[in-house]
Amino acid sequence: MYAGVVVYDLKPGKKAEAGRIWKEGFVPVASKQAGFKGALWLTAPEADKAIGIELWEMDLAASAFETSGLFQQLLDKFKSVLSKTPEREEYSALHVLG
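Residues numbered from 1 in each chain as written. Predicted model: local features only at pLDDT ≥ 70, side-chain atom pairs only at ≥ 80, totals over all residues. Heavy atoms only, no water.

Residues Val 7, Leu 40, Leu 42 and Ile 51 make up a contiguous nonpolar surface patch of about 290 Å² in total accessible area. Its location among the elements puts Val 7 in strand 1 (residues 2-9). (Patch = residues over 30% accessible without salt bridge, like charges linked within 9 Å, V, L, I, M, F, W, Y side chains within 5 Å. Areas by Shrake-Rupley, 256 points an atom, 1.4 Å probe, with all protein chains shown as cover. Salt bridge = Lys/Arg side-chain N within 4 Å of Asp/Glu carboxyl O. Helix = DSSP H or I, 4+ residues; strand = E, 2+ residues; numbered from the N terminus.)

Further remarks concern helix 2 (residues 59-67). Residues of helix 2 that are buried include every one of Ala 61, Ala 62 and Phe 65, and no others. End-on, the buried residues of helix 2 take up no more than an arc of 100°, which puts them together on one face. Exposed residues lying more than 90 degrees from the buried face of helix 2 are Leu 60 and Thr 67. (Buried < 20%, exposed > 50% of the residue type's maximum accessible area, 1.4 Å probe, protein only. Arc of directions from axis to C-beta.)

Let us look at the packing of aromatic side chains. Applying the stated criterion across every chain yields a total of 11 aromatic pairs. On the numbers, 6.2 Å between centres and 65° between planes, the contact of Phe 26 with Phe 78 is edge-to-face. Highlighted residues: Phe 26 in helix 1 (residues 15-30) and Phe 78 in the loop between helix 3 (70-75) and strand 4 (88-92), separated in sequence by 52 residues. Summarising the burial analysis for this pair, Phe 26 and Phe 78 share the class buried. Their ring planes at 80° and their centres at 5.3 Å tell us that Phe 36 and Trp 56 sit as a pair that is edge-to-face. With Phe 36 in strand 2 (residues 36-43) and Trp 56 in strand 3 (residues 49-56), the pair connects residues that are 20 residues apart, well separated along the chain. For Phe 36, a relative accessible area of 16% gives the class buried. Members of the aromatic cluster, joined through ring pairs, are Tyr 8, Trp 22, Phe 26, Phe 36, Trp 41, Trp 56, Phe 65, Phe 71 and Phe 78. (Phe/Tyr/Trp six-rings, centres within 6.5 Å; stacked < 30°, edge-to-face > 60°.)

A separate point is helix 1. Where helix 1 bends most, the angle comes to about 35°, and this point is Trp 22. By the burial criterion, the buried members of helix 1 are Ala 18, Gly 19, Ile 21, Trp 22, Gly 25, Phe 26 and Ala 30. (Bend = angle between axes of the 7 residues up to and from the residue.)

Geometric values such as these leave the question of function open.
Here is the structure:
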């Protein structure tokens, strides 16, 4: 299992809107990609920050999501809520609960 991880630095007061964009605009498109296994949206209670995590079956699926340009297209949906452009990193997941 592999994970794409993005730390989103949000404009003040934009946490709820960013969560809506993630849920309604990002995840439905990502979930249609080959190898997609799930996603998490984590928010910092005391900061204008969030972490988006996509889970992928294989490293090739995780990498294809970014290199195909689809990740950038979906990231564009966040422009109005971001204080800076985030970068996506990929990780190997050694243990998955559940």
